[in-house]
Structure formats: structure tokens, C-alpha cells
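Secondary and tertiary structure notes
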Amino acid sequence: MRTECLAYALDHRIEHGIWGGMTERERRALLRRRPLVTSWRRLLEAARSEHERLAAPDEGQASDVAG
């Protein structure tokens, strides 16, 4: 849920409050660093999927070693 909140705030340029664990200042800095991002929701979903894909084999190997 945290990622979805952050993506919403970034995509809608919400200026006030903490969203997805980031302050207004942190979000502004992120938007300045990545001005060409058109959909933060898509970007963050893709990053999460890639992270889960890369992490999944490690989890399987760890259970084999422990078992």
C-alpha cells in the first residue's frame, strides 16, 4: 500500500503531507531528479515486479539450504 500511496502523490503532484513515507521535500526532489517520468505508478510497479522476480530464486535457495 505504501508504494501505491507514493505513486498517487507523485502522479497527482500532491504538495502537502507525507505520502508513501516521503515528505513534501523528498517528493519534490524526486520529481526534479526524474522530470521525464510520465507515470510513477507504472514505474514503481515495474520496479517492484523486478525486485520480486530477482528476490524469488534467493528465497527458494534459502529454504533448500535450511531444509
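Residues numbered from 1 in each chain as written. Predicted model: local features only at pLDDT ≥ 70, side-chain atom pairs only at ≥ 80, totals over all residues. Heavy atoms only, no water.

Describing the overall build of the chain
Broken down by element type, the chain carries three helices and zero strands. If you list the helices and strands of the chain from N to C, you get α-α-α. Looking at the chain as a whole, 21% of its 67 residues are labelled buried. Restricting to contacts in the chain with at least 6 residues of sequence separation, those with at least 24 account for 29%. (Helix = DSSP H or I, 4+ residues; strand = E, 2+ residues; numbered from the N terminus. Buried < 20%, exposed > 50% of the residue type's maximum accessible area, 1.4 Å probe, protein only. Contact = heavy atoms within 4.5 Å.)

Describing a positive patch on the surface
A cluster of like positive charges, contributed by Arg25, Arg28, Arg32 and Arg33, occupies part of the molecular surface. Mapping Arg25 onto the fold places it in helix α2 (residues 24-33). (Patch = residues over 30% accessible without salt bridge, like charges linked within 9 Å, V, L, I, M, F, W, Y side chains within 5 Å. Areas by Shrake-Rupley, 256 points an atom, 1.4 Å probe, with all protein chains shown as cover. Salt bridge = Lys/Arg side-chain N within 4 Å of Asp/Glu carboxyl O. Lys, Arg positive; Asp, Glu negative; His and termini not counted. Charge placed at Lys NZ, Arg CZ, Asp CG, Glu CD.)

Structural notes on unusual backbone geometry
Even without a glycine there, the phi angle at Arg13 is positive, about 50°. Looking at Arg13, the relative accessible area reads 45%, which means it is partly exposed.

Things to note about the packing of aromatic side chains
One pair of aromatic rings is described through two measures. These are the centre distance and the angle between the planes. Within the structure shown, the criterion is met by one aromatic pair. Ring plane angle 25° and centroid distance 5.8 Å describe the contact between Tyr8 and Trp19, whose orientation is recorded as stacked. Of the two residues, Tyr8 sits in helix α1 (residues 2-11) while Trp19 sits in the loop between α1 and α2, which places them 11 residues apart along the sequence. Residue classification places Tyr8 among the partly exposed positions, given a relative accessible area of 42%. (Phe/Tyr/Trp six-rings, centres within 6.5 Å; stacked < 30°, edge-to-face > 60°.)

A short note on the environment of Leu31
Here Leu31 is to be found in helix α2. Discounting chain neighbours no more than four positions away, the residues touching Leu31 are Leu10, Arg13 and Trp40.

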